[in-house]
Structures are given as C-alpha cells and as structure tokens.
Amino acid sequence: MKKIISYCWIVLIFVVFFVTNLQAQVNYGSPYSRFGIGDINRTNNPVYQSMGGLSIGVKDAFHINYMNPASYTAIDSMSFIVEGGAFSRISEWKTVDESENSEFSSLGNLSIAFPITSSYKMSVGIVPYSNVGYQLTAPTQLRGIGNVNYLYEGNGGINKFYLGGAVNIAKGLSLGVNANYYWGQIDINTYATFPDSTYYFDTKVMKHQEISDVAVDFGLQYEYYFGEDKEWRTVAGIVYSPSFNLSATEEKLTAQMKKGAGGAESINDTISYKSGVSGSITLPSSYGIGFVVEKKDRIKFGVDYKVQDWSSYESFGISDSLKNSGQLSIGMEYLPQNNVLSSYYKKIKYRFGFRYSDTYLQLRDNQLKDIGISFGVGLPVKNSGSSINLGVEFGKRGTTDNSLIEENYIKFTLGISIYERWFVQRKYY
C-alpha cells in the first residue's frame, strides 16, 4: 500500500509540473513553426527516439508505446507502469550569410499503463503535439512607398491527452484504440512598418486561435514466435489515424498603430475586429506500417514507415500549401546479458537509430528534409523492471539553398520508467 501511495504522489508531481510547463511554452524558437500548426512532435520518449522513432512494431512489456495502442496488450496482467520524460533541444539556425542559436526545454510525456483483465489493457497520458514559436523579419521595397518592414511573430502550441485500450482478438493478434483530446492556443501576429513615409500608419494584424476537440487513432499488431525454443519473435504493426476537423475559435484584430514618447506603441485606429469566430483546423489522416525482429532479452531490430496527408490541411478554410510528409525509421536495441549473475554494465540496454523524413514544408520548390542519427541507453534499476532512459539525437533539417534556413540540432531526452508488479505476495526465507 505504501508503494501505491508513493506512485500516486509521483504521478501527481509529474502532472503539476507537466501542465504548468505546457501552459508556459512560449519560448520555443523555430522559423519553420510558422507553417501549419507548428512543429509536430514525433516522439519525446527516449526509448523510441533513441531507435530513430521506431515504434509501430514495438511490443514491450516494460515501456508504454502510445504511438501504437495495440502494443498495450504486452503489459503484464499484474503490473503497473508509470513513465515520465523531458527533453532539451539545442539548434543552430543558419543561412548563407549568418547564423543564430536557440535552446528549448520541456517535459516530454507522462503516461500510465495498467491491466483491466488478463487480455484487456489500458493506458492514459499527456504529450505535447505541436509547438509554435518564431519571430521573422522581411524588409522589402514597394514602389511609391519605399521601405516596408514586415515582422511575423507566433507562439503557442497544441497538446494531447489520450485514453487508450487494447485487446487480444486472436492468437498473436491485438487491436488498440486511442481516444485523443487535443487542446491549445496559437497566437499569430503580422506587423508592417513604414520607416520612409509619414503618410502611412504602421499596421498590425493579431490572431488568437483556441483549439479543443476529440479524435481517435487505431493500431494493430501481430506477433509470431519462431526458432529453437521459440526464442525469436517478429512483430508486424499498422497504425491509422483518420482525418478530423478540430473545432476552434478565432479572435482577429487589425489596427493602425502609433508610437508615443519613448517608442511605446498604442492602437491609433481599429480597422476590423472579429471575436468568437467558429471554425476548424484540419488534423490530416496518417498511416504507417512497421516490423520488428527480436531475440528474447538480447537484441531487437526494426523498420517503420509513416505517411501523413498534409496536402489536405486547412485552418479556418485557408490552406497553407503543405505537402504530404513521410518518415522512415530504422532502429535497434542490444542487451549484452540478462541474468542474475551478470554485472550491472552488461544489463544496460544500448539503442541506435536512423531517421529520414520528408517534412510537410515545401518552400521555393524545395521539400525540406529532416535527417537524424540517434543513440541511447537504458539503465536498469536494481532488483526491478524499472529503468532510467537517456537518449541523444543529432539532426539536420532544411537547407541554405535558395535563401532558405538550415537547422542543425542536438536533442537530449531523459525518461524514467517505473515498473511494479502488484498483488504479488513476496516471500522471504
């Protein structure tokens, strides 16, 4: 009972810090988050990030794989799992002529998984879905007016709360469903100033969007054992998320601005104002397929491929010229030994991965690529199934060609997985 109370306190502390952190995520910095609903979080779980994002065919009894809900059936019928994680991303943004650095840290996920019956398992959790944070300037010249400076600003993001369940529907075959609640807000501001003219007022357009709605995604996994003593296993998986129009409201103000003493700005005249405008933001459909081959307690290798239909994206009826995205993930996990007499260092899990993505951004006839190489370790907690998981990913997104921006980044992740068997009477001799 004392352990259960301790875990409840751990969960409560994670929830408080997680929700506080989600509400404060305004320091994210990425010029590419200007498009769509911002930068999409692939996964912030170090177990799966360290394997290049491999997840569709992963079926693990000690870790929560919410990317494919069918995997929940791997959870032992007398176990309880709590996982929490955080990440930090350090980026160098560069063009042909200049560069700039940014850093962003956040809690990455909070998940709980537990059995309902011997064949039906559940998981519940909160994860950030997208981040928005940018400030861009674009000076230009207009005939008859002179220099015009445009400033684009945005911040906010969307978060996801999921409640999922999975059941074995046939021998080796499991089906899972996640019911997802998306919520968040995005602020988008466009500012035009006229430094060479006294006849034009500076103009500012401010949009505030709030998103709140429910969507679902599905997963399927089939596992098959083979080899001598059935020590080998292969798992094939499929995930599918249908397209949903997430309900949203928008407030939009267009105003002429003036500068007072000391450079302070104020509204000189309201050009237009609309409040409480109802609309929707499209969450595009996606699907993926993957497989994993593993030798019991020793080695795991797998490949995933996932596609999302961003060409159908719209926000309040306006498209954003996005392209369909695709991601290939290749990953592996290696455990040197796993027996009572093994030294601690031989019980550490080593993870490696590679990821290649065609992002949904196509700018100046370039569909931007995102390529990453990842590494990680799983540090076991003595005499338990719990672990501390560390991961690092080195990546590159975009290009400096055609006056675009290239991002070189390092992403660090830290995760804690608490695994406990319940209702087991321990015996001491």
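Scroll up a little and you will see the structure.
Just so it is clear, the model here is predicted, and its values are computed rather than measured. (Residues numbered from 1 in each chain as written. Predicted model: local features only at pLDDT ≥ 70, side-chain atom pairs only at ≥ 80, totals over all residues. Heavy atoms only, no water.)

A. Representation of the overall build of the protein chain within the structure. The helix and strand inventory of the protein chain stands at two helices and 19 strands. When the accessible surface of the protein chain is split by element, carbon and sulfur atoms take 57% of a total near 21,600 Å². (Helix = DSSP H or I, 4+ residues; strand = E, 2+ residues; numbered from the N terminus. Areas by Shrake-Rupley, 256 points an atom, 1.4 Å probe, with all protein chains shown as cover.)

B. Layout of unusual backbone geometry. One non-glycine residue, Lys 230, lies in positive phi territory at about 55°. As for its position among the elements, Lys 230 is in the loop between strand S7 (202-226) and strand S8 (232-241).

C. The pattern of salt bridges, seen in detail. Taken as a whole and judged by the stated rule, the model has 15 salt bridges. When the shortest N-O distance is used, the salt bridge between Lys 300 and Asp 60 registers 3.7 Å. Here Lys 300 is found in strand S12 (residues 299-308), whereas its partner Asp 60 is found in the loop between helix H2 (46-49) and strand S2 (79-94), with 240 residues between them in sequence. Judged by its relative accessible area of 7%, Lys 300 is buried. Between Glu 223 and Arg 233 there is a salt bridge, with its nearest N and O atoms 2.8 Å apart. (Salt bridge = Lys/Arg side-chain N within 4 Å of Asp/Glu carboxyl O. Buried < 20%, exposed > 50% of the residue type's maximum accessible area, 1.4 Å probe, protein only.)

D. Focus on the pairing of S7. Where strand S6 (residues 173-193) meets S7, 20 bridges bridge the pair, whose relative direction is antiparallel. Bridging from a neighbouring strand, Tyr 181 pairs with Val 214 of S7. The sheet contact formed by S7 and strand S9 (residues 244-259) spans 10 bridges and is antiparallel. Paired with Lys 204 across the bridge in S9 is Ala 255. With nine bridges joining them, S7 and S8 adopt antiparallel strand pairing. Paired with Gly 219 across the strands is Val 239, a residue of S8. (Pairing = 2+ DSSP bridges.)

E. Examining the side chain of Glu 294 more closely. Position of Glu 294 relative to the elements: it lies in strand S11 (residues 286-295). Not counting the four nearest positions on each side in its chain, Glu 294 is found in contact with Glu 231, Trp 232, Arg 233, Ile 299 and Lys 300. (Contact = heavy atoms within 4.5 Å.)

F. Seen up close, the packing of aromatic side chains. With the rule as written, the count across this model stands at 13 aromatic pairs. Here the aromatic rings of Tyr 344 and Tyr 345 are separated by 6.0 Å at their centres, their planes lie at 85°, and the arrangement is edge-to-face. Members of the aromatic cluster, connected to one another through ring pairs, are Tyr 224, Phe 226 and Trp 232. A cation over a ring is seen here: Arg 89 above Tyr 409, with NZ or CZ 3.9 Å from the ring centre. Residue placement shows Lys 411 over the ring face of Phe 87; its charged tip is 4.9 Å from the ring centre. (Phe/Tyr/Trp six-rings, centres within 6.5 Å; stacked < 30°, edge-to-face > 60°. Lys NZ or Arg CZ within 6 Å of the ring centre and 35° of its normal.)

G. Fine view of the environment of Arg 355. Summarising the element assignment, Arg 355 is placed in strand S16 (residues 349-363). For Arg 355, a relative accessible area of 1% puts it in the buried group. Engagement of the side chain of Arg 355 in a polar contact is seen with the backbone oxygen of Asp 370, the distance being 3.4 Å. At 2.8 Å, the side chain of Arg 355 and the side chain of Tyr 409 are in polar contact. (Polar contact = N/O pair within 3.5 Å; in protein donor to acceptor, adjacent residues only side chain to side chain.)

H. Molecular detail of the environment of Pro 139. Of note, Pro 139 is situated in strand S4 (residues 120-142). Taking C-alpha positions, Pro 139 is 5.9 Å from Tyr 150, a pair spaced 11 residues apart along the chain. Once residues lying within four places of it in the same chain are set aside, the contact partners of Pro 139 are Val 148 and Asn 149.

I. Focus on the nonpolar core. Counting 26 residues, the largest nonpolar core has Tyr 32, Ile 37, Tyr 182, Ile 211, Ile 281, Leu 322 and Leu 361 as its most contacted members. Elements with a contribution of two residues or more to this core: S4, strand S5 (146-170), S6, S7, S9, strand S10 (265-283) and S16. Among residues more than four places away in sequence, those in contact with Tyr 182 are Tyr 129, Ile 158, Asn 159, Lys 160, Ile 211, Ser 212, Asp 213, Ala 215, Leu 246 and Leu 283. Of all hydrophobic cores here, the second largest spans 17 residues; its members include Tyr 48, Ile 64, Val 127 and Tyr 419. (Core = buried A, V, L, I, M, F, W, Y, C linked by side-chain atoms within 4.5 Å.)

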